[in-house]
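Residue-level listing of the chains:
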Amino acid sequence: KVEQMERSQLVGLVKTVLSVRNLLVEKECQEGVEVMQGMARIILRQMGRSTIDWGEMKRWEVEVVRQLVREVEGVPVFVARMVDQLLVRMEVVGQCESREVVEVAVVV
């Protein structure tokens, strides 16, 4: 059940659903596209739960969320840009933390 999924599971699922949707668009299968769009809407609603913690995302999660913000209709341009900039910063911070862990591991 999507209601019980955690953040990374939801992000992975929405990535898969949108990938399938894109393939169906290429195959011109409108019915399948509509089904995938409906599934994506359900997942996006779940991603908005108050219990979802968006801190400390993995790099792949950041990339998926950045793509989502670009694709979702109705997001004001300034909001999309602001979210994108914040996600880039999260990604950069995550890279720095990863490097520090590697450096510490090498020193030890």
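For the structure given in this document, a descriptive report is provided here. If you're wondering where the values come from, they're calculated on a predicted model, not measured in any experiment.

What counts, and where the lines are drawn
- Here the residue numbering is sequential within each chain, running from 1 through the sequence in written order.
- With the structure being a predicted model, the display of local features is reserved for residues of pLDDT at least 70 and the display and counting of side-chain atom pairs for 80 or more, all residues being used for whole-chain, interface and lining totals.
- The side-chain quantities take in all heavy atoms of the structure and omit both hydrogens and water.
- Salt bridges are counted wherever a side-chain nitrogen of Lys or Arg sits within 4 Å of a carboxyl oxygen of Asp or Glu.
- Runs of H or I in DSSP of at least four residues are treated as helices and runs of E of at least two as strands, each being numbered from the N terminus.
- Exposure is judged per residue with a 1.4 Å probe applied to protein chains only, and the accessible area is read against the type maximum: over 50% gives exposed, under 20% gives buried, and values in between give partly exposed.
- Throughout, a residue-residue contact means that at least one pair of heavy atoms, one from each residue, lies within 4.5 Å.
- Nonpolar side chains (Val, Leu, Ile, Met, Phe, Trp, Tyr) are joined into patches within 5 Å and like charges within 9 Å, using only residues with over 30% relative accessible area and no salt bridge.
- Note that accessible areas follow from Shrake-Rupley with a 1.4 Å probe, and for residues the cover is restricted to the protein chains shown.
- By definition here, a helix of n residues has an expected span of 1.5 Å times n minus one.

**Quick look at the pattern of salt bridges**
Evaluation of the coordinates by the stated rule reveals five salt bridges. A salt bridge links R21 to E71; the nearest nitrogen and oxygen atoms lie 2.6 Å apart. Of this pair, R21 sits in helix α1 (residues 7–26) while E71 sits in helix α3 (residues 59–71), and the two are 50 residues apart along the sequence. Classification of R21 as buried rests on a relative accessible area of 13%. For E71, a relative accessible area of 30% translates into the label partly exposed. The partner of R70 in a salt bridge is D84, with the nearest N and O atoms 3.8 Å apart.

**Some thoughts on the environment of V75**
Among the structural elements, V75 can be located in the loop between α3 and α4 (77–107). Apart from the residues lying within four places of it in its own chain, the contact partners of V75 are V69 and A80.

**So, a nonpolar patch on the surface**
Taken together, the side chains of F78, M82 and L86 make up a nonpolar region of the molecular surface, amounting to roughly 330 Å² of accessible area. Within the secondary structure, L86 sits in helix α4. Relative accessible area serves as the criterion here: at 46%, L86 is assigned to the partly exposed category.

**Some details on α3**
With 13 residues, α3 should cover 18 Å at 1.5 Å per step; its first-to-last C-alpha distance of 19 Å lies within 8% of that length. Of the residues making up α3, those classed as buried are E61, V62, V64, V65, R66, L68 and V69.

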